[in-house]
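Residues per chain are reported as follows:
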Amino acid sequence: MTYTETLDWMFAQLPMYQNKGKVAFNAKLDGIVSLARHLGNPHAKFKTIHIAGTNGKGSSSHMLASILQEAGYKVGLYTSPHLKDFRERIRINGKKASKKYVVDFIERNKSFLEENTFSFFEMTVGMAFSYFEDKKVDIAIVEVGLGGRLDSTNIIVPEVSLITNIGFDHTDMLGNTLPEIAGEKAGIIKKGIPVVISEFNGDTAPVFEKKAKSLNAPLVFAEDLSFPEYEIGLLGSYQRKNIKGVLAVIMQLKGFHISQENIVNGLKNVVENTGLMGRWQQIGSDPTIICDTAHNKEGLAIVLDQVKQQKSARLHFVIGFVKDKDLSGILPLFPKNATYYFCKPKINRGLDEKVLCESFTRQGFQGSSYSSVNKAFESAKKQAASNDFIYVGGSNFVVAEIL
């Protein structure tokens with residue numbers, strides 16, 4: 001098979017969460033345990049850092065990878081979802097896995113994969129772990145896909161675990177209260193392994209304290225610690241919330257030599273070192289155009305607060321969402337003194353642009369619906385003056401279409 005045919009085959013095996021939502025969620029670890037065994041348990045042959053959380057886990061993963069790269073280590077990085085290219089999920093020192101590796105891995109294991117009907121995510125995790133073992137990484141940063149306790153990545157025993165924060169997202173699978181959701185994320189805490197919590201929350205702290213105590217795992221609330229101010233190569237002001245967790249993980253990581261200079265350069269060069277996209281990413285000037293993948297209430301609240309601080313003549317929003325998004329909780333976060341361009345991302349789960357438009361305009365927002373993300377984006381660029389500000393977001397998939 002060609003690379004494109006290989007991806008088509010992977011996407012077709014079982015529903016992808018990205019496209020199908022809850023029906024693709026496989027709430028057990030049997031599949032990945034079986035696949036890992038078939039592959040020779042590659043995850044047991046390199047060191048890892050495991051990262052979960054509602055928001056900030058992708059940015060935190062990339063910051064940690066960048067710091068360790070600056071320290072001279074060979075660093076694997078597994079994240080999801082991808083924006084433009086499947087291979088964004090599997091990197092070493094910022095370089096994506098080769099197309100040949102993807103094709104060869106599937107070809108080599110195809111009969112076993114077909115016999116056992118693994119999910120897309122299980123296959124991808126197995127591929128990443130095999131790649132990191134083959135390439136002999138010094139350490140891999142592994143981002144949880146969804147939740148933690150039953151996520152396919154949760155077969156690793158890391159050097160340190162990091163949980164960034166807890167918010168309301170994927171409540172149909174993870175629970176309807178913050179403590180319930182925290183319980184799922186706390187599933188990555190392992191016996192005797194230090195765990196860092198980036199953001200303190202009075203509702204969820206007892207969940208982490210109880211779990212850590214039961215497993216004799218040292219627990220660190222990063223907000224209790226003091227660190228110097230660092231320049232971060234990621235522009236979003238919200239990255240300040242992530243950075244303490246990242247620095248606390250570096251403090252807990254034993255057996256790796258990381259200097260102050262490595263930290264300074266790692267944080268400053270995150271994008272160059274790791275290829276991170278879609279986090280308060282500027283893609284245009286005159287007018288300023290920013291895209292961001294924030295897509296739940298907590299993430300959007302922080303990003304939109306930064307949008308409102310922009311000193312621009314007028315605001316323009318190109319936005320689209322997925323069907324399972326609770327608009328009633330998100331809608332009040334957006335400013336009314338703006339022009340909106342409503343669109344639907346090109347996936348099955350995309351929320352119809354007319355439904356989205358009606359939900360907003362009924363509440364007094366001004367805007368129109370467009371049949372595609374690109375048409376909405378082009379319209380915003382045509383209507384915006386050079387001193388205006390255009391924001392593109394609401395979903396990973398909207399951002400992916402304009403990058």
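Novice: Looking at this structure, how should I read the overall build of the chain?
Specialist: When you go through the chain residue by residue, the secondary structure sums to 17 helices and 14 strands. The C-alpha radius of gyration of the chain comes to 21 Å, within 12% of the 22 Å expected for a compact globule of 403 residues. Summarising its shape, the C-alpha atoms of the chain cover approximately 55 × 50 × 40 Å along the three principal directions. Taken over 403 residues, the chain has a buried fraction of 58%. Restricting the contact set of the chain to residue pairs at least 6 apart, pairs at least 24 apart contribute 75%. With the model as given, the accessible surface of the chain reaches about 16600 Å², and the carbon-plus-sulfur share is 48%. If the 48 positive side-chain charges of the chain are averaged to one point and the 42 negative ones to another, these points end up 1 Å apart.

Novice: Just checking my understanding: could you explain the packing of aromatic side chains for this structure?
Specialist: In this description, a pair of aromatic rings is defined by centroid distance and the angle of the planes. Inspection of every chain in the model, using the stated rule, returns 23 aromatic pairs. On the numbers, 5.3 Å between centres and 75° between planes, the contact of Phe200 with Phe221 is edge-to-face. Residue Phe200 is found in the loop between strand S7 (195–197) and helix H9 (205–214), and its partner Phe221 is found in strand S8 (residues 219–221); the two are separated by 21 residues along the sequence. Its relative accessible area of 11% is what places Phe221 among the buried residues.

Novice: Can you help me understand the sheet that holds S8 in this one?
Specialist: Note on sheets: strands pair through backbone hydrogen bonds, and any given pair is parallel or antiparallel. The strand order S4-S3-S2-S5-S1-S6-S7-S8 describes an open sheet built from eight strands, whose pairing is mixed. Two strands close off the open sheet at either side, each with one partner strand: strand S4 (95–96) and S8. Examined bridge by bridge, strand S2 (residues 75–78) and strand S5 (residues 139–143) share four bridges and lie parallel to one another. Residue Leu77 lies in a different strand from S5, and its bridge partner there is Ile141. The strands that helix H6 (residues 120–134) touches are S2, strand S3 (90–92), S4 and S5; relative to S3, the one it contacts most, it runs at about 15°.

The rules behind each value
Residues numbered from 1 in each chain as written. Predicted model: local features only at pLDDT ≥ 70, side-chain atom pairs only at ≥ 80, totals over all residues. Heavy atoms only, no water. Helix = DSSP H or I, 4+ residues; strand = E, 2+ residues; numbered from the N terminus. Rg over C-alpha atoms; globule rule 2.2 N^0.38 Å. Buried < 20%, exposed > 50% of the residue type's maximum accessible area, 1.4 Å probe, protein only. Contact = heavy atoms within 4.5 Å. Areas by Shrake-Rupley, 256 points an atom, 1.4 Å probe, with all protein chains shown as cover. Lys, Arg positive; Asp, Glu negative; His and termini not counted. Charge placed at Lys NZ, Arg CZ, Asp CG, Glu CD. Phe/Tyr/Trp six-rings, centres within 6.5 Å; stacked < 30°, edge-to-face > 60°. Pairing = 2+ DSSP bridges. Axes fitted to C-alpha atoms, helices over the stretch in contact; angles between N-to-C directions.

As far as function goes, none of this settles anything; it's purely spatial.
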